[in-house]
Amino acid sequence: MALLDVQHVDISYGKTLTVKDCQLSLDKGQICAIVGESGSGKTTVIRAILGLLAGGGKVTAGDILFRDRSLLKLSKDEWNQLRGGDISMIFQDSGAMMNPTRTIGKVFVEYIRTHESISKKDAWDKGVEMLERMRLPNGDNIMKSYPFQLSGGMRQRVGIAMGMTYQPQLLLADEPTSALDVTTQAQIVRQFMELRDTYGTAMIVVTHNLGVAAYMADQIIVMKHGEIVEAGSREELLHHTKQDYTKQLLEAVPSLGGVRYV
């Protein structure tokens, strides 16, 4: 039994079919990267998995199974239990998703107390512990900070810390490195790999950067205009692709000192 099984899913906004016949399967500890240019449907797929399609989007065909249970049939209460617990999501710029008028600590404590009945002090301590696990020194100071007082890399680590608080079985990451400089990108990518190795967390990483996908993923799905044009193991897609579109994406990966790392 796969941890996640997306079965021939169509996603529509009104009468417009946005994603057609999406299929993917993920086991514990596996990383799947969904790549493609902007507007290819990548983010729509992971939002559908989390039941958070914006603007009246709906899954209009197929099914999404998590541990053999259909996510399309969950009640609001069941979703609230699942989100942030067994399934978590990390956004492109976690800081931008936070209220700029509230400290990291207020947001984090509220998040923790939504998922378990503990005191504010215990929730604070748990937040500090998670921040420090994510290599953020002096978690107490960070809890007292506002999002704008942190660098992009620090804000992203705060998002990862929140997402990993309950050691989810599935982590969905939407362009988690694209707002960061190259050095910080590399640090965040290594952090994701450590999470997989430590907790056995399965991940779906949405990215337009095939270099990031090549480094992280066990399997890669290439999307264009809402359809999967190619899917396979990292080895298959990087070295044996027959699709012109995938070749174009590979050629767009910048080289460093004349060396291309895909």
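Summarised in this report is the structure supplied together with it. Just so it is clear, the model here is predicted, and its values are computed rather than measured.

Counted under the stated rule, the structure contains zero disulfides. Free of any disulfide, Cys22 has its nearest neighbouring cysteine sulfur in Cys32, separated by 8.7 Å. With a relative accessible area of 3%, Cys22 lands in the buried category. Given the relative accessible area of 0%, Cys32 is considered buried.

Before going further, it helps to examine the nonpolar core. Core analysis: the largest hydrophobic core is formed by 50 residues, its most contacted members being Phe108, Val158, Phe192 and Ile220. Top element by residues in this core is helix H3 (residues 104–115). It accounts for six residues. By size, the runner-up hydrophobic cluster in this structure holds 32 residues, among which are Val9, Cys32, Ile46 and Ile221.

Before going further, it helps to examine helix H7 (residues 182–199). The end-to-end C-alpha separation of H7 is 26 Å, in line with the 26 Å expected for 18 residues at 1.5 Å each. All buried positions along H7 are accounted for by Thr184, Gln185, Ile188, Val189, Gln191, Phe192, Met193, Leu195 and Arg196. Among the residues of H7, the N-terminal cap falls to Asp181, whose side-chain oxygen and the backbone nitrogen of Thr183 are separated by 3.1 Å. With its phi angle positive at about 70°, Gly200 sits one or two positions after the end of H7.

Moving on, we get to the pairing of strand S10 (residues 227–233). Note: strand S9 (residues 219–224) against S10, six bridges, orientation antiparallel. Paired with Lys224 across the two strands is Glu227, which belongs to S10.

Right, let's get into the environment of Met143. By the secondary structure assignment, Met143 is in helix H5 (residues 139–143). Judged by its relative accessible area of 0%, Met143 is buried. As for Met143 and Ala231, which are separated by 88 residues in sequence, their C-alpha atoms are 41 Å apart. Beyond its immediate sequence surroundings of up to four residues, Met143 is in contact with Thr103, Ile104, Gly105, Phe108, Val109, Trp124, Gly127, Val128 and Leu131.

Criteria and cut-off values
Residues numbered from 1 in each chain as written. Predicted model: local features only at pLDDT ≥ 70, side-chain atom pairs only at ≥ 80, totals over all residues. Heavy atoms only, no water. Disulfide = S-S within 2.5 Å. Buried < 20%, exposed > 50% of the residue type's maximum accessible area, 1.4 Å probe, protein only. Core = buried A, V, L, I, M, F, W, Y, C linked by side-chain atoms within 4.5 Å. Helix = DSSP H or I, 4+ residues; strand = E, 2+ residues; numbered from the N terminus. Expected span 1.5 Å × (residues − 1). Polar contact = N/O pair within 3.5 Å; in protein donor to acceptor, adjacent residues only side chain to side chain. Pairing = 2+ DSSP bridges. Contact = heavy atoms within 4.5 Å.

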